[in-house]
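Understanding the architecture of this molecule
Residue strings, one per chain:
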Amino acid sequence: MTYLAKPKLHHPSLAKNRVGYTRRDYEGRISTLCAGCGHDSISAAIIQACWELDIEPHRVAKLSGIGCSSKTPDYFLGNSHGFNTVHGRMPSVLTGAYLANRELIYLGVSGDGDSASIGLGQFAHVMRRGVNMTYLVENNGVYGLTKGQFSATADKGSKSKKGQTNNDAPIDLVSLALLMGATFVARGFSGDKTQLVPLIRAALAHQGAAVIDILSPCIAFNNHAGSTKSYDYVREHNEAVNRLDFFPQRDEITADYGAGELIEVRQHDGSLVRLRKLHADYDPTDRIRAMSYVQEHAARGEVVTGLLYVDADACDLHEQLDTVGQALNTLGAAELCPGSGALEKINAALR
Ligand SMILES: Cc1ncc(C[n+]2csc(CCOP(=O)(O)OP(=O)(O)O)c2C)c(N)n1
Ligand code: SF4
Ligand SMILES: [Mg+2]
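Residues numbered from 1 in each chain as written. Chains lettered and ligands numbered in written order. Predicted model: local features only at pLDDT ≥ 70, side-chain atom pairs only at ≥ 80, totals over all residues. Heavy atoms only, no water.

Section: the environment of Thr22
Our working definition: Going along the chain from the N terminus, every DSSP run of H or I of four or more residues is numbered as a helix, and every run of E of two or more is numbered as a strand. Burial classification: accessible surface area is computed with a 1.4 Å probe over protein chains only, and a residue below 20% of its type maximum counts as buried, one above 50% as exposed, and the rest as partly exposed. Residue contacts follow a heavy-atom distance rule, with two residues in contact if any of their heavy atoms lie within 4.5 Å.
When you line up the elements, Thr22 lands in the segment before helix H1 (38–52). Here Thr22 falls in the buried class, since its relative accessible area comes to 4%. A C-alpha to C-alpha distance of 44 Å links Thr22 and Lys156, two positions 134 residues apart in sequence. Beyond its immediate stretch of four places on either side in the chain, Thr22 contacts His10, Leu14, Ala15, Lys16 and Trp51.

A few points about the site of ligand 2
Stated precisely, the cut-off is as follows: Here a residue counts as near a molecule or strand whenever at least one of its heavy atoms sits within 4 Å of it. All amino acids are sorted into three groups, where Ala, Val, Leu, Ile, Met, Phe, Trp, Tyr, Cys and Pro are nonpolar, Asp, Glu, Lys and Arg are charged, and the leftover types, Gly among them, are polar.
Within the structure, ligand 2 sits among Leu33, Cys34, Cys37, His39, Cys68, Asn140, Gly144, Cys218, Ile219, Ala220 and Phe221. Residue classes in the shell around ligand 2 are distributed as 8 nonpolar, 3 polar and no charged.

Describing the coordination of the magnesium ion (ligand 3)
The criterion, for reference: Each metal site is built from N, O and S donor atoms within 2.8 Å (3.2 Å for Na, K and Ca), and since water is not included, such sites may look incomplete.
In the first shell of the magnesium ion (ligand 3), the protein supplies Asp112 (OD), Asn140 (OD1) and Val142 (O), at 2.1 to 2.2 Å from the metal. Read from N- to C-terminus, the donor residues coordinating the magnesium ion (ligand 3) fall into the pattern D-x27-N-x1-V. Take Asn140: its relative accessible area is 4%, and that puts it in the buried class. Relative accessible area serves as the criterion here: at 5%, Val142 is assigned to the buried category.

So, the site of ligand 1
Here is the rule we go by: By the criterion applied in these results, polar contacts are pairs of N or O atoms within 3.5 Å in which, for protein atoms, one can donate a hydrogen and the other can accept it, and in which residues neighboring in sequence qualify only through two side-chain atoms. What sets the accessible areas is the Shrake-Rupley method with a 1.4 Å probe; for residues, cover comes only from the shown protein chains.
Around ligand 1 sit 17 residues, and of these Cys68, Ser69, Gly113, Asp114 and Gly144 come closest. Contact between ligand 1 and Cys68: an oxygen atom at 2.8 Å from a main-chain N or O atom of the residue. Contact distances for ligand 1 include 3.1 Å between an oxygen atom and a side-chain N or O atom of Asn140. When isolated, ligand 1 has an accessible area of 600 Å², and the protein chains bury 74% of it. At the level of elements, helix H2 (68–71), helix H4 (112–117) and strand E5 (142–143) are the ones that each hand at least two residues to the shell around ligand 1. For the shell around ligand 1, a count of residues per class yields 6 nonpolar, 9 polar and 2 charged.

Quick look at the structure:
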């Protein structure tokens, strides 16, 4: 954790977005991660996406677990709400916060150790519950913070910096999220911001459980020849299924792609995800196909990136539970304690 604040001076000519903020207003403290760490590129992509979406920083709640990745919320959105939880327990704290206050935009930031090792159970349950959030896994295949042990996403046969071979089967968080019912599933690469920023924007607009598994090389412990999560390996084996454009509801939609190359998915809030198909047979609205597509390509040693699945009609946890439409802290005493008559009615309904 760093306590170095950035200078508050802004150049007067910095561009402002529609809500009057410059890009600098979405930054956080100075990063203490290793220079070149993929996680810092992801922080920059989050800053860019939130600025472009005109999100007011105080409307965002960013939550994380423990790890180099989970430290990063300190380095972006310095004016947002933040909660650094226990290792692997971010999903349950995020779920609780979301149930109490549905009016904030929830951003969960985690690592592969945090989500696929100690936090695997929490990861699975938060996906199947449809919590309205954007869940980013900064996936480097190692426990970076504790000096580079293999995490559960490390590929079988991959080598550690010291030459040890990983003999365990990997957990693919994209496949797991698809299986568990997440309604927006994507994979990105920290070294490809052109793809990553629109993915984060679309995930933030999605009204359900959105997850992006982002390959994010650890230059200290996992960026060598035997690694399958290094910059070189991912660049050589990256198989993008689509190129994405994201339009918030208010933007004018222009058609600049040829017919047959395009899929448009209108999300619940009216925003439009426009996918330029690179692979003619790829349909991001077919969950079963997405599962087999990811596996088929993994068997060939290819890492599939892009928007793999989206359910534009996702129903989130509050809808499923039919909860009150406001944040609990805005309710008055009468609504929070409706009296013995109301309690009697509930009890009678259960008899
Ligand atoms: C309950 C608990 N167990 C173990 C640890 C030690 N620990 C801290 S971070 C970490 C792994 C982090 O790995 P990952 O989530 O992949 O983050 P990275 O540092 O690679 O970004 C571990 C095992 C801890 N802090 N708390
Ligand atoms: S140890 Fe690895 S994950 Fe941690 S800051 Fe350094 S490069 Fe990033
Ligand atoms: Mg890691």
